[in-house]
Amino acid sequence: MAEVSNKDSFVLDANTFAKLHPKEFYRKFLTNNIRPDGRLLKKFRKTSINLNSIKSAEGSCVLKMGKTSVVCGIKAEVAEPRVDDPRKGYIVPNVELSPICSSLFKPGPPGELAQSISERIDKLFKQCKIIDLDKLCISEKNAVWVLYVDVICISYDGNIFDAALFSIISALKNLKLPEVTFIEEEGKVEASEEKTISLELLSTPLSATYVVFDKKYILADPNEEEENLSSTSLTFIYNEQHKLCGISKLGGIPLSKELIQDCTESAIERTDNLRQLLDSTMKNL
Amino acid sequence: MDKRRINGPEISVKPIEKKSTQPKNNKDDGIRKNNRSVDNIRPIFIKPNVIKKANGSAYYEAENIKIICGVYGPRSSKRSMVSDEGTIYCEFKFAPFSCNKRCGYIRNAQEREYSLIIQQAFLPAIRLNLYPKSSIDIYVTVLENDGTTACLAAAITCISIALTDAGIQMYDLVAAASATCIKGNICLDPDASEENDTNSKFMLSYMPSLKQVTHVLCTGKMEAEQSIEAIGICIDACNSIKTVMDHCLINSH
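Residues numbered from 1 in each chain as written. Chains lettered and ligands numbered in written order. Predicted model: local features only at pLDDT ≥ 70, side-chain atom pairs only at ≥ 80, totals over all residues. Heavy atoms only, no water.

1. What to know about the overall build of chain A
Turning to step 1, where the next piece is worked out: Counting its secondary structure elements, chain A contains six helices and 14 strands.
Turning to step 2, where the next piece is worked out: Expressed as lengths along the three principal axes of its C-alpha atoms, the size of chain A is roughly 90 × 40 × 40 Å.
Turning to step 3, where the next piece is worked out: Buried residues in chain A amount to 53% of all 285 residues.
Turning to step 4, where the next piece is worked out: Once local pairs closer than 6 in sequence are excluded, the contacts in chain A between residues at least 24 apart make up 67%.
Turning to step 5, where the next piece is worked out: Of the roughly 13,300 Å² that chain A leaves accessible, carbon and sulfur atoms contribute 49%.
Turning to step 6, where the next piece is worked out: Each charge sign in chain A was given a centre, from 37 positive and 41 negative side chains, and these centres are 6 Å apart. (Helix = DSSP H or I, 4+ residues; strand = E, 2+ residues; numbered from the N terminus. Buried < 20%, exposed > 50% of the residue type's maximum accessible area, 1.4 Å probe, protein only. Contact = heavy atoms within 4.5 Å. Areas by Shrake-Rupley, 256 points an atom, 1.4 Å probe, with all protein chains shown as cover. Lys, Arg positive; Asp, Glu negative; His and termini not counted. Charge placed at Lys NZ, Arg CZ, Asp CG, Glu CD.)

This is how it looks when you write it as structure tokens:
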């Protein structure tokens, strides 16, 4: 690997080679079924979560997935419901990729990646019935809960969608709302000091993301470098009954059916592992 | 209305908390409600090098204050003006879930003010003449807020470590301490409830080895003598914070 051309006795060391010819550098590893960071092709990075460490939020989760870290915090506030849906509360998910997490992101309004991830998660909430919005009703036509779900990325190293979704589901599962009463005469909502009520999730969809390198290598849980080198990313979202809630292939090269089917089993296994991690972490609280 | 984000209802409020009817069994003889002594600062934990892609970074925790800071640079300045000195750019932000009331993504006036204060606190400390035509970008996010002035002081301490982690040349580390005046006593490191009860805020940033003050901020009602006294008390606090910072830097290598 170190020698590119023997004739000129021109020698490149591994780091320089990786910078100059990143794709060739990856190919040399992938033909041996291993990735430069030491992972097998279908191996996900080590994931860990920490629940309810932020006291100012009603529910929170700090997630680390390799060198990607995100913090998800949920603030619950009270608002008037929509006129056409007097019993339904609101869920407002936003993902922020601020310039703190990588030099890729600039200060100012959210970039395309952040917008598209927020949008995909919002759609998932609207279409997959994760939460029964009627349960967020405090008093019909008068007051409902608004859950502001904010995910802040603090260190970016690829695969932000999986990280964001898992942190949101974990934070929602640990959400504790105060007991509230609506006082009609004054039109205000009073809350108890203690937060005790948790919210039931109808389903827990989690995702697994892969990228396709050189049309044939499937890399699970890509880091930033792998994301940049690959042309296609594939995301599978499965719920706890192993039912598919979403699949997305964002642009890139055409793929064969077999290649996509190849990922599904590993995706089910991954999402199950994440669910187990969440359950065991919650037990230890 | 921000079209580039997912928006909720136009107006939403925090529910009103019921006043607890139980009498508070706090002893009234103490000056502070949280039973800390007046010159007590919350125990500090700092960890450098937490953000992979940043040149330097640090995480700061002191009980309920949690701050993360990333430093990018020195990198080429985007401003077209040629300068023979480097510039510092700072962005200070409260995470939406960090405060009692949710704060939006767009920086408000207070956050902008704090960004400027941080820039000023570091101008005398960084050897900017070594970094011509480049800018040093400092991004700070408060993940949990328990006392706004204390957060600002914590951010400055945290940034010092992050700048050191980035290998940026400085004359000295900058440590910062905050204080408030409760019943005529100067109390260090006030938390959120103490801050609500009083209306005086004091914050000082200091270079402990050079024994120089880089920034002082004093707002609200405070007697002149008290302010002078506060400077002395905060300098002592900065010296003890410095030992924590030293430990953190020595252990990280």
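Past the structure itself, the notes keep going.
2. Observations regarding helix α3 (residues 112-128) of chain A
An α-helical turn contains 3.6 residues, so a residue and the one three or four places further along point in the same direction.
Residues and elements named next belong to chain A.
Turning to step 1, where the next piece is worked out: Spanning 17 residues, α3 covers 24 Å between terminal C-alpha atoms, matching the ideal 24 Å at 1.5 Å per step.
Turning to step 2, where the next piece is worked out: Within α3 the residues assigned to the buried category are Ala-114, Ile-117, Ser-118, Ile-121, Asp-122, Leu-124, Phe-125 and Cys-128. The buried side chains of α3 occupy one side of the element, clustering within an arc of 165° when seen end-on. Residues of α3 that are exposed and point over 90 degrees away from its buried face: Glu-112, Lys-126 and Gln-127.
Turning to step 3, where the next piece is worked out: Its buried side turned inward, α3 meets β6 (90-96), α4 (160-173), β13 (232-238) and β14 (244-249).
Turning to step 4, where the next piece is worked out: Two residues or fewer past α3, Lys-129 is found with a positive phi of approximately 55°. (Expected span 1.5 Å × (residues − 1). Arc of directions from axis to C-beta.)

3. Things to note about the pairing of β14 of chain A
Residue and element names in this part refer to chain A.
Turning to step 1, where the next piece is worked out: Here five bridges tie β13 to β14, and the two strands are oriented antiparallel to one another. What sits directly across from Tyr-238, in β14, is Leu-244.
Turning to step 2, where the next piece is worked out: Linkage of β13 to β14, two consecutive antiparallel strands, is achieved through a turn of five residues, within which His-242 is found at a positive phi near 60°. (Pairing = 2+ DSSP bridges.)

4. Overview of the sheet that holds strand β10 (residues 212-219) of chain B
All names here are of chain B.
Turning to step 1, where the next piece is worked out: As summarised here, the arrangement of the four strands in space is β8-β7-β9-β10, forming an open sheet in which the pairing is antiparallel. The outermost strands of the open sheet, each flanked by one partner alone, are β8 (185-188) and β10. The sheet shows a mean angle of 25° between the axes of neighbouring strands, taken without regard to direction.
Turning to step 2, where the next piece is worked out: As defined by bridge partners, strand β9 (residues 201-207) adjoins β10 across seven bridges and the pair is classed as antiparallel. Bridge pairing in β10 places Tyr-206 opposite Val-213.
Turning to step 3, where the next piece is worked out: Helix α2 (residues 148-165) contacts β7 (175-182), β9 and β10 of the sheet and is inclined by roughly 165° relative to β7.
Turning to step 4, where the next piece is worked out: Where helix α4 (residues 224-251) meets the sheet, it contacts β7, β8, β9 and β10, and its direction lies at approximately 140° from that of β7. (Axes fitted to C-alpha atoms, helices over the stretch in contact; angles between N-to-C directions.)

5. A word on α4 of chain A
Turning to step 1, where the next piece is worked out: In this model, α4 of chain A (14 residues) spans 20 Å end to end at C-alpha, consistent with the 20 Å of a helix rising 1.5 Å per residue.
Turning to step 2, where the next piece is worked out: Buried residues dominate α4 of chain A, accounting for 13 of its 14 residues.

6. A short note on the interface of chain A and chain B
Turning to step 1, where the next piece is worked out: Counting residues at the interface gives 51 residues for chain A and 43 residues for chain B.
Turning to step 2, where the next piece is worked out: Of all residues in chain A, Lys-75, Glu-77 and Ile-100 of chain A give up the largest surface area on contact with chain B, accounting jointly for 16% of the area buried on that side.
Turning to step 3, where the next piece is worked out: If you look at where chain A meets chain B, you find seven salt bridges.
Turning to step 4, where the next piece is worked out: In this structure, the salt-bridge partner of Glu-224 of chain A is Lys-53 of chain B, at a minimum N-O distance of 2.6 Å.
Turning to step 5, where the next piece is worked out: Taken together, chain A and chain B are joined by 22 residue pairs in polar contact (both at pLDDT 80 or more).
Turning to step 6, where the next piece is worked out: Only β5 (68-79), β6, α3, β8 (143-155), β9 (176-183) and β10 (188-198) of chain A provide two or more residues apiece to the side of chain A that touches chain B.
Turning to step 7, where the next piece is worked out: Looking at which element gives the most residues to the side of chain A that touches chain B, the answer is β5 of chain A, with eight residues.
Turning to step 8, where the next piece is worked out: Partitioned by chemical class, the residues of the side of chain A that touches chain B number 25 nonpolar, eleven polar and 15 charged.
Turning to step 9, where the next piece is worked out: Judged from the two bridges that link them, β10 of chain A and strand β1 (residues 16-17) of chain B form a sheet pairing that is parallel. In the strand pairing of β1 of chain B, Glu-190 of chain A is matched with Ile-16 of chain B. (Buried area = accessible area lost by both parts, 1.4 Å probe. Salt bridge = Lys/Arg side-chain N within 4 Å of Asp/Glu carboxyl O. Polar contact = N/O pair within 3.5 Å; in protein donor to acceptor, adjacent residues only side chain to side chain. Nonpolar A, V, L, I, M, F, W, Y, C, P; charged D, E, K, R; others polar.)

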